[in-house]
Amino acid sequence: ARDSPEKQRTIKWGQLKKEGRAIEKVIRCYGEDVSRLVDLCRQNIVFATVDDLANCLKEMVGDPGVELVRVKNRMELEEDGAWSAGFRNVSVNLRITDEDARSFGVDTHVCEVQLLTKDFAKLQKAQGHKRYVHFRNVRGE
C-alpha cells in the first residue's frame, strides 16, 4: 500500500487502546503485570479471502524486519468460538526490528495486527463489537 495512493485511501488507521480499557485489562487479565499488555497500538487488515489473509501472514513470517512475538489463530477449526463469541481472526503481536525502527528506538515496542476477512469485519463494525464487550465483561476479561 505504501506505493499505491489508491490502496492508501482504503486504510483506516486504528486507534490506540483507551486508557480505561488498558488499566482494566492489566488488572483483570494480567495480574497487574503491565509488561503483558501488547495491544495498545493495533491495526486491522481486512482481506477478501482466507487465502489472501494466509498469504499476508506468510509475508510477515518471512520478513527479516519483523519479529513475531505471538500469533493467536482464531480461524482454526479447533478454536473454541465460545471464547470469542464466534468471532474469527488471526491476531499477530509483533515487533518491527529493521534499521528504521532501531534508529527511532522503537524496535522493542510490541504492536498488534489483526488479520480478518471482510465478512468478519462487517460483523465487527455493526453491533458485533458491543456484543463482544458485553461477552468479555461477563467473563471478567
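Criteria and thresholds
- Residues numbered from 1 in each chain as written.
- Predicted model: local features only at pLDDT ≥ 70, side-chain atom pairs only at ≥ 80, totals over all residues.
- Heavy atoms only, no water.
- Helix = DSSP H or I, 4+ residues; strand = E, 2+ residues; numbered from the N terminus.
- Buried < 20%, exposed > 50% of the residue type's maximum accessible area, 1.4 Å probe, protein only.
- Pairing = 2+ DSSP bridges.
- Axes fitted to C-alpha atoms, helices over the stretch in contact; angles between N-to-C directions.
- Contact = heavy atoms within 4.5 Å.
- Polar contact = N/O pair within 3.5 Å; in protein donor to acceptor, adjacent residues only side chain to side chain.
- Expected span 1.5 Å × (residues − 1).
- Arc of directions from axis to C-beta.
- Salt bridge = Lys/Arg side-chain N within 4 Å of Asp/Glu carboxyl O.

1. Details of the environment of Asp39
Item 1. Positionally, Asp39 belongs in the loop between α2 (19-30) and β1 (42-47).
Item 2. Among the residues examined, Asp39 registers a relative accessible area of 6% and is labelled buried.

2. With respect to the sheet that holds β1
Strand pairing in a sheet relies on backbone hydrogen bonds. The paired strands run either parallel or antiparallel.
Item 1. Read from one edge to the other, the open sheet built from four strands follows the order β1-β4-β3-β2, with strand pairing classed as mixed. Unpaired on one side and paired on the other, β1 and β2 (66-73) mark the two borders of the sheet. Geometrically, the sheet is characterised by an average inter-axis angle of 25° between neighbouring strands, direction not taken into account.
Item 2. Where helix α3 (residues 50-62) meets the sheet, its contacts fall on β1, β2, β3 (90-96) and β4 (111-117), and the angle it forms with β4 comes to roughly 155°.

3. Points about the side chain of Gln114
Item 1. Of note, Gln114 is situated in strand β4.
Item 2. For Gln114, the side chain forms a polar contact with the side chain of Asn89, separated by 3.3 Å.
Item 3. Side-chain polar atoms of Gln114 contact the side chain of Glu112, separated by 2.8 Å.

4. Considering α3
Item 1. In a regular helix each residue adds 1.5 Å, so 13 residues correspond to 18 Å; α3 covers 18 Å between its end C-alpha atoms and thus fits that length.
Item 2. Burial in α3 covers these residues: Leu53, Cys56 and Met60. Taken around the axis of α3, the buried residues stretch over an arc of 60°, which confines them to a single face. Exposed and oriented more than 90 degrees from the buried face of α3 are Asp51, Lys58, Glu59, Val61 and Gly62.
Item 3. Looking at the buried residues of α3, the elements they touch are β1, β2, β3 and β4.

5. Quick word on α2
Note: α-helices contain 3.6 residues per turn, so residues at a spacing of three or four share the same orientation.
Item 1. If you check α2, its first and last C-alpha atoms are 15 Å apart, about what twelve residues at 1.5 Å a residue would give, namely 16 Å.
Item 2. Among the residues making up α2, those that are buried are Arg21, Ala22, Lys25, Val26 and Tyr30. What you see down the axis of α2 is that its buried residues fit within an arc of 135°, all on one side.
Item 3. Where α2 terminates, the next one or two residues include Gly31, which has phi positive at roughly 55°.

6. A short note on the environment of Val38
Item 1. Looking at where Val38 falls in the secondary structure, it is placed in the loop between α2 and β1.
Item 2. The class for Val38 is buried, based on a relative accessible area of 14%.
Item 3. C-alpha separation for the pair Val38 and Val69, spaced 31 residues apart in sequence, amounts to 9.5 Å.
Item 4. Aside from chain neighbours lying at most four places away, what touches Val38 is Arg70, Asn93, Val110, Cys111 and Glu112.

7. Quick look at the pattern of salt bridges
A side chain with one charge may pair with a side chain of the opposite charge, provided their charged atoms come close.
Item 1. In the structure shown here, the tally under the stated rule is four salt bridges.
Item 2. A salt bridge links Arg28 to Glu24, with the nearest nitrogen and oxygen atoms 3.4 Å apart. Placement of the pair is Arg28 and Glu24 together in helix α2, with a separation of four residues, close to one helical turn.
Item 3. Arg102 is the salt-bridge partner of Glu99, the closest N and O atoms lying 3.2 Å from each other.

So, to be careful, I would describe these as geometric facts and stop short of saying anything about function.
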